[in-house]
Amino acid sequence: MLVDGVHYRTIWIDKDSGKLCMINQLVLPHRFEIVQCETHAAMCAAIKDMVVRGAGLIGASAGYGMWLGALEAPSSSLSEFDEAMVLFGDALKATRPTAKNLAWAVDRQLAAIKKGTSVKEKIAIALNTAQAIADEDAEFCRRIGEHGKKIIQELAGAKAKTNPGEPVNILTHCNAGWLAFVDYGSALSPVFAAHDSGIPVHVWVDETRPRNQGANLTAWELSRHGVPHSLIVDNAGGHLMQHNMVDMVITGADRVTRCGDAANKIGTYLKAVAARDCGVPFYVALPSSTFDFAMRDGVAEIPIEERDGAEVRFVQGKLPDGSLASVQICPDDTGARNWGFDVTPARLITGLISERGVCRASEEAILELFQEHRP
Ligand code: MRU
């Protein structure tokens, strides 16, 4: 996507230096900063500390992290090299457990690298695979935008008859825009596509405590792209839905089971419950790398990351002098728990928007689109 007229992906290899570059998401929206990542260990830290974050992007980052690992792995024998790659993969998988994309990218790399017949060839395969994962992620998200745009277009057509001149009001939670992927995004891709086609849209942006991905990242992306939006506190969505101020909800997902249960940023489930109560359509957008075809029951099976309670006890922001600071919002002796994700059961989801099209959140409908995963 464009930042001040220049096209950026969230992660890329710089053509001149050959270095792996990433947008530092810890300092947005206050600063736009590019950082380099040179080692496998640095990539593990960048994913864990959320320099890069979002399901698709941590998948792509893990893909590149495996390439960095391949450059560091012992080259004396193929078996030693392969063993080291498995350990590098395990370390990457351990950084963040919920998003399927991360483990999926590591496993794809391991399967590809295994086929190499020399260390040199294995390193080349790791680089090509990392690039392929990133390119695919961008292309799949672009297609999600095209499929999702049709839903927004239909809502806009209906709204033009009942409330002429009013935009389609879309509520989203967390950041599932291009910063959460390599490009375009999942939940925001249809919004960008609709806006670019002249369909009037307005986005209600949940702030998304505790890390404020909505306030920091979604709002920044929408403002850079000129999409009308308003920031709301996390608890406002139900009230807005009761007063017909939300035409649809679109969120991203970190892992979706073969039956359509969707893990996404903590708080998503409550939005889905409110949407069902108010008759508001609730869509989940995801590329195929987010599906976990080995899981059925999301609430029982999807691993939910618990992060440091300090993320709840402190809030980061910009001071009037422009410097970034962190402030404590609770008593000194109050502890906190911090679950990063929750699971929205398939029964509350109106539809899934993937690169292959829109389908109901049911095993039958998902497997209709992804026939290769039929038993
Ligand atoms: O903890 P994060 O910022 O990595 O959160 C993950 C997500 O980006 C969201 O849950 C998102 O809505 C899923 S779509 C990338």
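Residues numbered from 1 in each chain as written. Predicted model: local features only at pLDDT ≥ 70, side-chain atom pairs only at ≥ 80, totals over all residues. Heavy atoms only, no water.

A look at the site of the ligand
The condition that has to hold: For this description, a residue counts as near a given molecule or strand if any of its non-hydrogen atoms is within 4 Å of it. Under this definition, polar contacts are N or O atom pairs within 3.5 Å; protein pairs additionally need one hydrogen-donor-capable and one acceptor-capable atom, and for neighbouring residues in sequence, both atoms have to be side-chain atoms. Side-chain classes follow a simple rule in which Ala, Val, Leu, Ile, Met, Phe, Trp, Tyr, Cys and Pro form the nonpolar group, Asp, Glu, Lys and Arg form the charged group, and the remainder, Gly included, forms the polar group. What fixes the domain bounds is an automatic or database domain assignment.
Around the ligand there are 17 residues in total, and Arg96, Gln213, Asp254, Asn264 and Lys265 lie nearest to it. Taking Gln213, its side chain carries an N or O atom lying 2.8 Å from an oxygen atom of the ligand. Here an oxygen atom of the ligand sits 2.6 Å away from a polar atom, N or O, in the side chain of Asp254. Considering only residue class, the shell around the ligand consists of eight nonpolar, five polar and four charged. Taken domain by domain, the shell around the ligand gets at least three of its residues from each of domain 1 (2-135) and domain 2 (145-373).

Here's the deal with the domain arrangement of the protein chain
Convention followed: Any two residues having at least one pair of non-hydrogen atoms within 4.5 Å are treated as being in contact. By buried area we mean the combined loss of accessible area, with a 1.4 Å probe, across both parts when two parts are placed together. Each reported salt bridge corresponds to a side-chain nitrogen of Lys or Arg within 4 Å of a carboxyl oxygen of Asp or Glu. Only DSSP runs of H or I with at least four residues qualify as helices, and only runs of E with at least two residues qualify as strands; both kinds are numbered from the N terminus onward.
Along its sequence, the protein chain is organised into domain 1 (2-135) and domain 2 (145-373). Computed from C-alpha coordinates alone, the two centres of domain 1 and domain 2 are separated by 25 Å. Every contact between the two is made by 34 residues of domain 1 and, on the other side, 35 residues of domain 2. Here domain 1 meets domain 2 over a buried area of about 2,800 Å², counting both sides, of which 56% is carbon and sulfur. On the domain 1 side of the contact with domain 2, Arg53, Thr98 and Lys100 bury the most area, a combined 23% of that side's loss. As a salt-bridge pair, Arg96 and Glu305 come within 3.0 Å of each other at their nearest N and O atoms. Where domain 1 meets domain 2, there are 17 residue pairs in polar contact (both at pLDDT 80 or more). Counting residues per element, the ones that place at least two in the side of domain 1 that touches domain 2 are helix H2 (55-72) and helix H4 (100-114). The leading source of residues in the side of domain 1 that touches domain 2 is H2, at four residues. By residue class, the composition of the side of domain 1 that touches domain 2 is 17 nonpolar, nine polar and eight charged.

Re unusual backbone geometry
A cis geometry characterises the amide bond from Leu28 onward to Pro29, with omega recorded as 5 degrees. Structurally, Pro29 can be placed in the loop between strand E4 (20-23) and strand E5 (34-37). Residues Arg209 and Pro210 are joined by a peptide bond in cis, for which omega reads 5 degrees. Looking at where Pro210 falls in the secondary structure, it is placed in the loop between strand E7 (201-206) and helix H7 (213-225). Not every positive phi belongs to a glycine, and Asp4 is a case in point at roughly 50 degrees.

Thoughts on the sheet that holds E5
Let me state the cut-off plainly: A pair of strands counts as paired when DSSP detects no fewer than two bridges linking them. Lines fitted to C-alpha atoms define the axes here, with helix axes fitted over just the stretch in contact, and angles between the N-to-C directions of these axes take values from 0 to 180 degrees.
Strand order across the open sheet formed by three strands is E3-E4-E5, with antiparallel pairing between neighbours. Unpaired on one side and paired on the other, strand E3 (11-13) and E5 mark the two borders of the sheet. Each strand of the sheet is rotated relative to its neighbour by a mean of 30 degrees, with strand direction disregarded. Here E3 runs beside E4; their pairing, made up of three bridges, is antiparallel. In the strand pairing of E4, Ile13 is matched with Leu20. Each of E3, E4 and E5 is contacted by H2, which is oriented at about 30 degrees to E3, the strand it contacts most.

Re the nonpolar core
Spelled out, the test is: What is meant by a nonpolar core is a set of buried Ala, Val, Leu, Ile, Met, Phe, Trp, Tyr and Cys residues, joined one to another through side-chain atoms within 4.5 Å. Exposure is judged per residue with a 1.4 Å probe applied to protein chains only, and the accessible area is read against the type maximum: over 50% gives exposed, under 20% gives buried, and values in between give partly exposed.
Ile11, Leu20, Met22, Met43, Tyr64, Met85 and Leu92 are the most contacted members of the largest nonpolar core, which has 38 residues in total. Within the residue set of this core, elements represented by two or more residues are E4, helix H1 (40-48), H2, helix H3 (78-95), H4 and helix H5 (119-162). Ranked by residues supplied to this core, first place goes to H2 with ten residues. Among all residues touching Leu20, those that are not within four sequence positions of it are Ile11, Trp12, Ile13, Val35, Gln36, Cys37, Met43, Tyr64, Trp67 and Leu68. Of all hydrophobic cores here, the second largest spans 34 residues; its members include Leu28, Ala176, Trp178 and Leu179.

Structural notes on the packing of aromatic side chains
What counts here: For this analysis, a ring pair means two rings from Phe, Tyr or Trp (six-membered ring only for Trp) whose centres lie within 6.5 Å, classed as stacked if their planes differ by under 30 degrees, edge-to-face if by over 60, and tilted for the remaining angles. For a lysine, the NZ atom is tested; for an arginine, the CZ atom; a charge sits over a ring if that atom is within 6 Å of the ring centre and within 35 degrees of the ring normal.
Under the definition given, this model contains seven aromatic pairs. Here the aromatic rings of Trp178 and Trp220 are separated by 6.4 Å at their centres, their planes lie at 35 degrees, and the arrangement is tilted. Taken together, the positions of Trp178 in the loop between strand E6 (168-172) and helix H6 (188-196) and Trp220 in helix H7 put the pair 42 residues apart, joining distant regions of the chain. On the accessibility criterion, Trp220 (6% relative accessible area) is buried. Over the aromatic face of Phe341 sits the side chain of Lys265, whose NZ or CZ is 4.1 Å from the ring centroid.

Some remarks on the packing of H3 against H5
Filter applied, for reference: In these notes the angle categories are as follows: under 35 degrees is roughly parallel, over 145 is roughly antiparallel, 65 to 115 is roughly perpendicular, and the rest is oblique.
Interhelical geometry of H3 versus H5 gives an angle of 25 degrees and a closest axis separation of 10 Å. It follows from the interaxial angle that H3 and H5 lie roughly parallel. The segment H3 lies against H5, with Leu78, Phe81 and Asp82 engaging Val119, Lys122 and Ile123.

What about the pattern of salt bridges?
Within the structure shown, the criterion is met by 21 salt bridges. Measuring nitrogen to oxygen at the nearest pair gives 2.8 Å for the salt bridge that ties Arg9 to Asp135. Of this pair, Arg9 sits in the loop between strand E2 (6-7) and E3 while Asp135 sits in helix H5, and the two are 126 residues apart along the sequence. Arg374 serves as the salt-bridge partner of Glu368, at 3.3 Å between the closest nitrogen and oxygen. With a relative accessible area of 49%, Glu368 lands in the partly exposed category. By sharing partners, the salt bridges in this structure join Arg96, Arg211, Glu305, Arg307 and Glu311 into a single network.

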